[in-house]
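Inside the fold
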Amino acid sequence: MKRHFLAAIACLALSTQALLEEQFLSFDTAPSSAHLSITNAPILVSQDDFVGIHIAAGSLADDLRQITGISRDVRKGAATNGTLWANGTLSSVILAASANSSLIHQISSQGLLDISDIQGKWETFKTIVVDRPLPGINRALVIVGSDKRGTIFGIHTLAEQSGQSPYHWFADVPAKKHAQIYAQPKTTIHGEPSVKYRGLFINDEEPALNTWWAKRHNATRYPLDIEFYAHVFDLLLRLKANYMWPAMWKSFIQPPGNDFFNDDPGNQQLADDYGIVISTAHHEPMQRATNEWNETALGPWDWSRNKANITKFMEEGIARAGNNESYITIGLRGLGDEAANTKNAVEMLKDVFSVQRSIIEKYHGAENAVHQVASYYDAGLDPPEDVTLLFPDDNAGNVYRLPTGDETKRKGGTGVYFHFEYVGLPRSYKWGNTNNIPKVLKELMHSYLRGATQIWIVNVGDIKPMELPLGFAMDLAWDVSKFSFENIPEYLTLYSAREFGPEHAEEIGSILLEHSHLVGMRRYELITPDTFSQLNYREAERVLSRWQDLAARAKAIYGVIDAELKPAFFQLVYHPVVSGALYHGVTLGVGANYRFALERRNSANAVAQQVLADFESAYDLVEEWDAMLEGKWANMMSQAVYDAIEEPKRWAAPSRDIVANLSFVQLRQDMQFSLGNLGIRAEGSLSPTQQGRWAESVDASMPTTVFTPLLPLMDPYGPSRHVDLFMRGNHRIPLHWALDPLPVPWLHITPSSGTLSRSTQTTDTRLTITIDWPAVPVGFNTTLRIALRSTPSPFPYLDYLHIPIHNPSLPSSLPPNTFPETAGYISIEAPHFATTTSPLSFHRIPHLGTRSESGAIALRPFLGARASLSSSQAAAATYLIHLATPATSLVATVYINSGLDTDPKRKMEFSLTLDDAAANFSRVLGDYVKNANAGDIPPEWMDHVADGVWTKRVVLGPAGAGGHRLVWRVNSPEVYLEKIVVDVRGGVQASYLGPPETFRA
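Residues numbered from 1 in each chain as written. Predicted model: local features only at pLDDT ≥ 70, side-chain atom pairs only at ≥ 80, totals over all residues. Heavy atoms only, no water.

**Details of the sheet that holds strand β9 (residues 182-183)**
Basically, it comes down to this: Any two strands are treated as partners once DSSP identifies two or more bridges connecting them. The numbering of helices and of strands both runs from the N terminus, where a helix is a DSSP run of H or I of at least 4 residues and a strand a run of E of at least 2.
The strand order across the open sheet formed by three strands is β2-β9-β3, and the pairing between neighbours is antiparallel. Unpaired on one side and paired on the other, β2 (25-26) and β3 (36-37) mark the two borders of the sheet. The sheet contact formed by β3 and β9 spans two bridges and is antiparallel. Note on β9: the bridge partner recorded for L36 is A183.

The following block contains the structure:
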């Protein structure tokens, strides 16, 4: 059995293509005579074929029973001149066998089946209807694989196209019922895969996976045995995956923790039987689990002090693996995925490699292997050619390094290790799926295009709730050619149709796309009450509103979907969306509550109560999850996530949910009499907060003259504005308010009067200010004062809304795609450029990015841009802007989709210039620095990797009134621009997402 060897390059010291497959089945009620009915067809496999094919055939029989309600035999046959069925000729059979089996040899040797188009290929399968393939069989749907896994993938593809989801067990998706199933009269070929080894890493198994599995067996701790791994292997093969790093987390509850090789001695053989290639994590060399090392008995894990024991330990792992198909990780890191304890790691690793290679040669012949850390590799440690180099991401979804130059020609190839969940700095994220699908596509597509195609391994934590990104990554690894940013919505719709049927598939796919976009803004665990601005651009309000709208859509589908689909929908859609909405409701609610309390709003108390209600609703979801399907998944989604991020050891997950820092006002108490009980908050204004503390001897009473309700500038290209009125006094006394008549006819404020009252639950109301711009005199530039009165009040209540309005003299029309300034700034979503160069040009990348609703831009074609640095730097995208009056200095902020310098010789650079200024390229990231806890990282990483974008400030200089051009250039197709914000005259206010896009002609 051929052995494979893995070199893992870790950058940090811490640690459904079937959906797009060509269809070969149909369910028509009246197909042509050429179609073959397989509705009740028995299954035939070759007796001399691999055991994994026999396992898959048994699964297929059960799948088809669930789909059609008809049981069928699975027969193991051998080449023969006699009939295979004693009871006469069968009209149809499903025959699944590998190209090297005796049955396929018999059929092909008679000229009935041509297998030359798949022979010698890797994991490829062919489907074809063959007449009279064997004695006693009239017609057969033949699934022939180039090898064992090609055949297995063909069998599971038949099951999936018939109506069985890969997530039939792991997400309880019921089989889709069909009265008839027909094989189409066509030949299809599937494969070879785009990535040779594709699979998952089960990691960070506490507290969810281990606790769930133990509860299923009524135990405090229960080993992950062949029962568990049989489900995992079945899932992998149905996803056309072939590779796994098993669970390995350390535990102090029945230490040492998970150990694939000893928790159940049958695990390794079961993997080989199924056809899964077993490897070990990047810090577990030579087919040994970290938890097998007993320091008390064996001494320290230190090569310089304990080389003999470590060598013996490693040799035992290789011997134990036997002839099971394995991919052997080599090298040496510290226990717990820490850096090796040595002053000269490069020299130590050279010695480790030499010893490991001699062990491997002893058992499997002369083959080479290296395990390596990226910093050592970049420092000059050169592994042998026949070793696979595995490049990791930064634990946050940004691939650290990719092949350059001749590295793509290595015999051992290169691959990628990618995280869908993570434990470590700056903060762990492992509760929910917070993976932005377009970002995953970007990083993995780069990996493919750059030649990292030997291995893709994704860290999925507990497997649940990572079903969607896992399936997406495996489908992508199977056939990259089927994917683009443009067809992500199509993929999600097909995924939804596979799991829930076609009736609601488009809406469910749209829900999943919006969910992906929202989680891409920031992972749950890294969101604080003040992440999104509570003050500017209504940012926190807009984000929470989107989550709440999304939750309402998911609830609407849940209310009408068939009962048998509800458990799967709950797991795959409802819980991710609704729990995310509640999380944002609680976390952003705490922020809103604090701001309201500072403003002395009565509604601060209601917001606090809503936060507590959402907090309880979130745990209702936990209990609903635990009770679902008679407790099948109890404890799987029970881990704590609500936290006060200021706590010590802030990188770790919380041990129990908390809500912290809620504020309350005294509802029966009046506001200080000189201010009155009616509060006014103009959009973006801090005036009500500033009025939260008052001294009559210093601060003038109303109408306010210092802390005034002042709106942002209104001009023809800006949005409508808003003012909140609210009760801030004795809640038992209603407040009546009214605006004085407006001073100009073209200004409109609605409503213009009303009553705030606890009894009607209207303690707050929002005024909307709009302007009929054609009626405004050209050149008008004044701040209007609008009187607002309120009763009852012990002191006559009078204050003014201040509305600055400017209607500048501008051309009657602007060139298409021109962005005029508004309120002192311009905000441009990157895809809205006016022109770009060719043949290298900037293309819109739809759905990528979270600071833009229209996507991002990048230089394309990708490989063409990689081929020529000078051509890349010469390409440009031009944006048109228009200034109403001269500006002393334009300052731009560019939002670049996060990524790392994957090419040490071509680090990411960008240039943004004004008009005819020469290109001025600057690095996106600074020179990497060594962090004691996070390894080699760019200086921006620790504080900003969670943002999902790198923000860079560019001083553009003075600019006159009128039109100007912003020119964007990059040196690499891996630089993706999401947004440009130009501060024209101090108008940009602080926010997390940046100002929404402004008006575009």
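**Side note on the sheet that holds strand β4 (residues 43-46)**
Worth spelling out the cut-off: To get an axis, a line is fitted to the C-alpha atoms, and for a helix only the part in contact is used. The angle between two axes follows their N-to-C directions and goes from 0 to 180 degrees. Residue contacts follow a heavy-atom distance rule, with two residues in contact if any of their heavy atoms lie within 4.5 Å.
Spatially, β5-β4-β6-β8-β7-β10 is the arrangement adopted by the six strands of the open sheet, whose pairing is mixed. With one partner strand each, in any of the chains shown, β5 (74-77) and β10 (188-190) form the two edges of the open sheet. For this sheet the average axis-to-axis angle between neighbouring strands, irrespective of direction, equals 25 degrees. Each of β6 (93-98), β7 (125-131) and β8 (139-145) is contacted by helix α3 (residues 148-162), which is oriented at about 130 degrees to β8, the strand it contacts most.

**Remarks on helix α16 (residues 539-560)**
Basically, it comes down to this: Multiplying one less than the number of residues by 1.5 Å gives the expected span of a helix. Residue burial is assigned from relative accessible area. The probe radius is 1.4 Å, only protein chains are included, and a residue is buried under 20% of its type maximum, exposed over 50%, and partly exposed in between. As used here, the arc is the angular range of directions from the helix axis to the C-beta atoms.
An ideal rise of 1.5 Å per residue puts 32 Å on 22 residues; α16 measures up with 33 Å between its terminal C-alpha atoms. Every buried residue of α16 is accounted for by E539, A540, V543, L544, W547, L550, A551, A554, I557 and Y558. Taken down its axis, α16 places every buried residue within 145 degrees of arc, on the same side. Across α16 from its buried face, at more than 90 degrees, point the exposed residues G559 and V560. In the core, the buried residues of α16 are packed alongside α15 (505-521), α17 (566-598) and α18 (603-631).

**Brief notes about the side chain of H156**
Here H156 shows up in helix α3. In this structure H156 comes out as buried when scored by relative accessible area, which is 5%. Sequence-distant contacts of H156, defined by excluding residues within four places in its chain, comprise A56, S59, D234, L237 and R238.

**A short note on the UniProt feature "domain: Gylcosyl hydrolase 115 C-terminal" (unreviewed entry) in the protein**
Stated formally: UniProt positions are given in the numbering used here, feature names are shortened, and annotations may be inferred rather than shown by experiment.
As annotated by UniProt and renumbered to match this structure, "domain: Gylcosyl hydrolase 115 C-terminal" (unreviewed entry) occupies residues 818-997. With 9% helix and 44% strand, residues 818-997 has its two end C-alpha atoms placed 12 Å apart.

**A few points about the packing of α3 against helix α5 (residues 226-238)**
Counted only if it meets this: Roughly parallel means an angle under 35 degrees; roughly antiparallel, over 145; roughly perpendicular, 65 to 115; everything else is oblique. Any residue outside Ala, Val, Leu, Ile, Met, Phe, Trp, Tyr, Cys, Pro, Asp, Glu, Lys and Arg is labelled polar, Gly included; the first ten of those are nonpolar and the last four are charged.
Axis separation between α3 and α5 bottoms out at 9 Å; the angle between their running directions is 85 degrees. Put simply, α3 runs roughly perpendicular to α5. Residues I152, F153, H156, A159 and E160 of α3 form the contact with α5, whose own contacting residues are D234, L237 and R238. Split into classes, the residues belonging to the contact of α3 with α5 amount to four nonpolar, one polar and three charged.

**Here's the deal with the pattern of salt bridges**
Selection rule: When a carboxyl oxygen of Asp or Glu is within 4 Å of a side-chain nitrogen of Lys or Arg, the pair counts as a salt bridge.
Scanning the model with the defined rule gives 53 salt bridges in all. E467 serves as the salt-bridge partner of K464, at 2.5 Å between the closest nitrogen and oxygen. In terms of burial, K464 and E467 fall into one category: buried. A salt bridge links D927 to R923, with the nearest nitrogen and oxygen atoms 3.0 Å apart.

**A short note on a negative patch on the surface**
Just so we agree on the cut-off: Without a salt bridge and with relative accessible area above 30%, a residue can belong to a patch; like charges are then joined within 9 Å and nonpolar side chains (Val, Leu, Ile, Met, Phe, Trp, Tyr) within 5 Å. Areas reported here follow the Shrake-Rupley algorithm with a probe of radius 1.4 Å; residue values treat only the protein chains shown as occluding. In this tally, Lys and Arg are treated as positive and Asp and Glu as negative; His is ignored, and so are the chain termini. For the purpose of locating charges, the reference atoms are NZ of Lys, CZ of Arg, CG of Asp and CD of Glu.
Negative charge collects at one region of the surface, where E616, D620, E623 and E624 lie side by side. Looking at the element boundaries, D620 is found in helix α18. A residue is classified by how much of its surface remains accessible, and D620, at 45% relative accessible area, is partly exposed.

**Considering the nonpolar core**
Selection criterion: Residue types Ala, Val, Leu, Ile, Met, Phe, Trp, Tyr and Cys, when buried and joined through side-chain atoms within 4.5 Å, form a set referred to as a nonpolar core.
Membership of the largest hydrophobic core comes to 154 residues, with the highest contact counts inside it found for I38, I202, Y229, V232, F233 and M244. For this core, the element with the highest residue contribution is α17, accounting for 17 residues. Once you skip the residues sitting within four places of it in the chain, F233 turns out to touch M244, F260, N267, L270, A271, Y274 and I276. Of all hydrophobic cores here, the second largest spans 44 residues; its members include F819, L859, M908 and L914.

**A closer look at the packing of α17 against α18**
Basically, it comes down to this: Two helices crossing with the near one rotated counterclockwise from the far one by less than a right angle form a left-handed crossing, whereas a clockwise rotation gives a right-handed crossing.
Between α17 and α18, whose axes approach to 8 Å, the crossing angle comes to 160 degrees. With respect to α18, the element α17 is oriented roughly antiparallel. In this structure, the crossing between α17 and α18 has a hand that is left-handed. Looking at the contact of α17 with α18 residue by residue, the classes come out as 20 nonpolar, eight polar and two charged.

**Structural notes on the environment of W122**
How we decide: Throughout this description, a polar contact denotes any pair of N or O atoms lying within 3.5 Å of each other; where both atoms belong to protein, one of them has to be capable of donating a hydrogen while the other can accept it, and for residues adjacent in sequence the pair is counted only when both atoms sit in side chains.
With respect to the element layout, W122 can be found in the loop between α2 (102-109) and β7. On a C-alpha basis, the gap between W122 and R965 in space is 52 Å, while along the polypeptide they are 843 residues apart. Apart from residues lying up to four places away in sequence, W122 is in contact with S146, D147, R149, E192, P193, K196, Y197, R198 and N242. Engagement of the side chain of W122 in a polar contact is seen with the backbone oxygen of K196, the distance being 3.2 Å.

**Focus on α3**
In a regular helix each residue adds 1.5 Å, so 15 residues correspond to 21 Å; α3 covers 21 Å between its end C-alpha atoms and thus fits that length. Looking one or two places after α3, you find G163, whose phi comes out positive at around 140 degrees.

**Brief notes about the environment of D901**
Considering the arrangement of structural elements, one finds D901 in the loop between β33 (887-897) and β34 (909-914). Those residues within four positions of D901 in sequence are excluded, and the remaining contacts are Y400, K907, M908, R923, L925 and Y928. Looking at D901, its side chain comes within polar contact range of the main-chain nitrogen of M908, at 2.8 Å.

**Notes on unusual backbone geometry**
Backbone torsion omega between L425 and P426 reads -5 degrees, so that peptide bond is classified as cis. Within the secondary structure layout, P426 lies in the loop between β17 (414-419) and α12 (437-449). For the bond running from R860 to P861, omega is 5 degrees, close enough to zero to count as cis. Here P861 shows up in the loop between β31 (856-860) and α20 (862-867). For M286, which is not glycine, the phi dihedral falls at a positive 60 degrees. Structurally, M286 can be placed in the loop between β13 (277-278) and α8 (295-298). With relative accessibility at 0%, the residue M286 sits in the buried group.

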